[in-house]
Amino acid sequence: SQVNFEEESQNPPAVGHWKPLMPSKGDKEEPESGCQDAGGVHEPQSTEQLNVSRLRSSSVEIREKGSEFLRDELHKAQKELKLKDKECERLSKVREQLEQELEELTASLFEEAHKMVREANTKQAAAEKQLREARGKIDMLQAEVTALKTLVITSTPSSPNRELHPQLQSPSKAGFRKGHGRNKSTSSAMVSAASQNAAPEPVSRECKEVDSILFAEFQAWKESPTLDKSCSFLDRIYQEDVGPCLDFTKQELSELVRVAVEQNTLTIEPVASHTVPVGKAAAEECGGPKKCALSGLPRTCKHRIMLGDSGNYYYISPSCRARITAVCNFFTYIRYIQQGLVRQDVELMYWEVMRLRREMSLAKLGFYPSEM
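Being a predicted model, the structure only gives us computed values, none of them experimental. In this convention, every chain numbers its residues from 1, walking through the sequence in written order. Per-residue local features are limited, in this predicted model, to residues with pLDDT of at least 70; the limit for side-chain atom pairs, both in listing and counting, is 80 or more; totals at the level of whole chains, interfaces and linings are taken over all residues. Neither water nor hydrogens contribute to the side-chain values; these are computed over all heavy atoms in the structure.

Novice: Which residues make up the packing of aromatic side chains, and what are the values?
Specialist: Aromatic pairing here means that ring centres of Phe, Tyr or Trp (its six-membered ring) are within 6.5 Å. Orientation follows from the plane angle: under 30 degrees is stacked, over 60 is edge-to-face, and everything else is tilted. Under the definition given, this model contains eight aromatic pairs. Ring centres of tyrosine 238 and phenylalanine 331 lie 6.0 Å apart, and the angle between their planes is 65 degrees; on these two criteria the pair is classed as edge-to-face. Highlighted residues: tyrosine 238 in helix α6 (residues 232-245) and phenylalanine 331 in helix α9 (residues 318-338), separated in sequence by 93 residues. Buried residues are those whose accessible area, probed at 1.4 Å on protein chains only, stays under 20% of the maximum for their type, while exposed residues exceed 50% and partly exposed ones sit between those limits. Residue class for tyrosine 238 comes out buried when judged on its relative accessible area of 13%. Residue classification places phenylalanine 331 among the buried positions, given a relative accessible area of 4%. Ring-pair connections join several aromatic residues into one group, and the members of that group are Phe215, Phe218, Trp221, Phe233, Tyr350 and Trp351. The ring of tryptophan 351 has lysine 208 lying over it, and the distance from NZ or CZ to the ring centre is 5.1 Å. For a Lys NZ or an Arg CZ to count as sitting over a ring, it must be within 6 Å of the ring centre and within 35 degrees of the ring normal. Against the face of tyrosine 313 rests arginine 304, its NZ or CZ located 3.8 Å from the ring centre. Only runs of H or I of at least four residues qualify as helices and only runs of E of at least two qualify as strands under DSSP, and these elements are numbered from the N terminus.

Pasting the structure below:
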């Protein structure tokens, strides 16, 4: 044992090469040789490098996956943004369309409201005008009914009213009387008709003879009285009396006068000699105190007429006034018969109609009372 110890002490121990901490560039090959001599020292170093390489590869993989995930999220966000942009654009168009429709609806509602207000104002004005006219006609009709009660109802075939039938008066009492100052065609009562247009000579009942044709036409009309001139009774009177009596030189104005008489809207009133024409028509159409608007002849005009509510006055001569008054009296009487206000025998009503026809015939021939 002592010998072995001595041998061991004489042989120096084998010592390996130490790896420097910071090897230089020239010592790159030395670790490799050292590793071959001491393999146990190289194993931990390789494990560390392997772990580092694994960490690097895993970090690269994580980075790539993160980048890919972010790209996917970015694509999704871009798609959602595009969809939202399209939705915003669509909603903007819808809002603009709704705003335009709202403006159009508001404008149409305002226009319709203004139109309704205008129509309501027009209807109200027309209704007020009709109400005033109706009240005036009611007052006029009440006055006529009051006068007719004393004139017509008291007249019977056995004891006729001589004021209603002036042809029954004596010659001394059959003279002309002064007419009303203002004469409306609807207010021409039988008293004014008899007083303004009395017969030139009284005719007794013995001198009368009923014409069978005229009397039959009057009886047929009396069964259902109407103002339609298509019936034979009124058609004959229009052709023989009314038409010629209202046929003046001024044809256009004559037609207006005829229509106003038929519609019961003509007014006759006296005027002063210094009154000037009033209305929209020209002076030559209205005539004047020295010129008749119907005949166009220079005549002294004491009366003027107004057609309806036109506001235009036309000066007329006494002859033209007599012709118009005769026609108005005829229409007034047949209106009374139509309304049932005349309660007489058919023959007496027939003779009154004949008397009015005679007055129209005389007026159209130029005969009229001097008081006109």
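Novice: How would you explain the nonpolar core if you had to name every residue and give the values?
Specialist: Definition used in this section: a nonpolar core is a set of buried Ala, Val, Leu, Ile, Met, Phe, Trp, Tyr and Cys residues joined via side-chain atoms within 4.5 Å. Core analysis: the biggest nonpolar cluster contains 49 residues, and Val242, Val257, Leu266, Leu294, Ile305, Ile324 and Phe330 have the highest contact counts within it. Secondary structure elements with two or more residues in this core: α5 (212-223), α6, α7 (251-262), β2 (266-270), β3 (303-307), β4 (313-316), α9 and α10 (346-364). Per element, the largest residue contribution to this core is eleven residues, and it comes from α9. Note on contacts: a residue pair qualifies if any of its non-hydrogen atoms lie within 4.5 Å across the two residues. Discounting residues that sit within four places of it in the chain, isoleucine 305 has contacts with Val257, Leu266, Thr267, Ile268, Asn312, Tyr313, Tyr314, Ile316 and Ile324.

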